[in-house]
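The residues making up each chain are set out below.
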Amino acid sequence: MGYLIALAVAASAYLACRDGRARLERQDRSGPWVLGFLVGMAAVLVLIVCAAFGSRPAFWPLVPVGAGTVAALARLRVVVRQIRSR
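Conventions we followed
- Residues numbered from 1 in each chain as written.
- Predicted model: local features only at pLDDT ≥ 70, side-chain atom pairs only at ≥ 80, totals over all residues.
- Heavy atoms only, no water.
- Axes fitted to C-alpha atoms, helices over the stretch in contact; angles between N-to-C directions.
- Helix = DSSP H or I, 4+ residues; strand = E, 2+ residues; numbered from the N terminus.
- Left-handed = near helix turned anticlockwise from the far one by under 90°.
- Contact = heavy atoms within 4.5 Å.
- Nonpolar A, V, L, I, M, F, W, Y, C, P; charged D, E, K, R; others polar.
- Parallel < 35°, antiparallel > 145°, perpendicular 65-115°, else oblique.
- Expected span 1.5 Å × (residues − 1).
- Buried < 20%, exposed > 50% of the residue type's maximum accessible area, 1.4 Å probe, protein only.
- Arc of directions from axis to C-beta.
- pLDDT = per-residue confidence, 0-100.
- Core = buried A, V, L, I, M, F, W, Y, C linked by side-chain atoms within 4.5 Å.

What about the packing of helix H1 (residues 2-16) against helix H2 (residues 26-52)?
Argument step 1. H2 packs onto H1 with a crossing angle of 145° between their chain directions and a minimal axis gap of 10 Å. Note that H1 runs across H2; the crossing there is right-handed. On the side of H1, the interface is formed by Gly2, Ile5, Ala6, Val9 and Ala13, while H2 contributes Arg29, Trp33, Gly36 and Phe37.
Argument step 2. Class assignment for the residues of the contact of H1 with H2 results in 6 nonpolar, 2 polar and 1 charged.

Right, here's the structure in full:
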């Protein structure tokens, strides 16, 4: 999960900054990645609790990856906007 989120953040950072108006350093990308990883871990915990009570979604591995990637990319968009406005 963390690896897929890191790949999505790196690819999005590359695409967002290839026009030359902004350059993201490693620390700029690490914040969104950590947020996405924490959201993914929270989704894993929610799924574990749901499974303990007998209900689980059919595609449960996609839920934490999707939630973490969406959170990371949303935060990365904010970071790119802040860097471009400077």
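And the narrative resumes.
Observations concerning the packing of H1 against helix H3 (residues 62-85)
Argument step 1. With their axes 9 Å apart at the nearest point, H1 and H3 run at an angle of 30° to one another. In terms of axis orientation, H1 runs roughly parallel to H3. Judged by the sense of rotation from one axis to the other, the crossing of H1 with H3 is right-handed. Facing H1, whose interface residues are Leu4, Ile5, Ala8, Val9, Ser12, Ala13 and Ala16, H3 presents Val65, Gly68, Thr69, Ala72, Leu73, Leu76, Val80 and Arg84.
Argument step 2. Grouping the amino acids of the contact of H1 with H3 by side-chain chemistry returns 11 nonpolar, 3 polar and 1 charged.

Points about H1
Residues lying three or four places apart along an α-helix face the same way, a consequence of the helix completing one turn every 3.6 residues.
Argument step 1. The end-to-end C-alpha distance of H1, which contains 15 residues, comes to 21 Å, matching closely the 21 Å that a straight helix rising 1.5 Å per residue would cover.
Argument step 2. Restricting attention to buried positions, one finds in H1 the residues Gly2, Ile5, Ala8, Val9 and Ala13. Buried residues in H1, looked at end-on, bunch into an arc of 130°, giving them a common side. Residues Tyr3 and Tyr14 are exposed on H1 and point more than 90 degrees away from its buried face.
Argument step 3. Here the buried face of H1 lies against H2 and H3.

A few points about the confidence of the model for the protein chain
Argument step 1. Within the protein chain, residue pLDDT values average 89, and 100% of them lie at 70 or more.
Argument step 2. In the model of the protein chain, H1 stands out as the element of lowest mean pLDDT, 90, in contrast to H3, which has the highest, 92.

Some thoughts on the nonpolar core
Argument step 1. Counting residues in hydrophobic clusters, the biggest one holds 11 residues: Ile5, Val9, Ala13, Cys17, Ala22, Leu24, Ala72, Leu76, Val79, Val80 and Ile83.
Argument step 2. No other element matches the 5 residues that H3 contributes to this core.
Argument step 3. Setting aside anything within four residues of it in sequence, one finds Leu76 in contact with Val9, Ser12, Ala13, Leu24 and Pro32.

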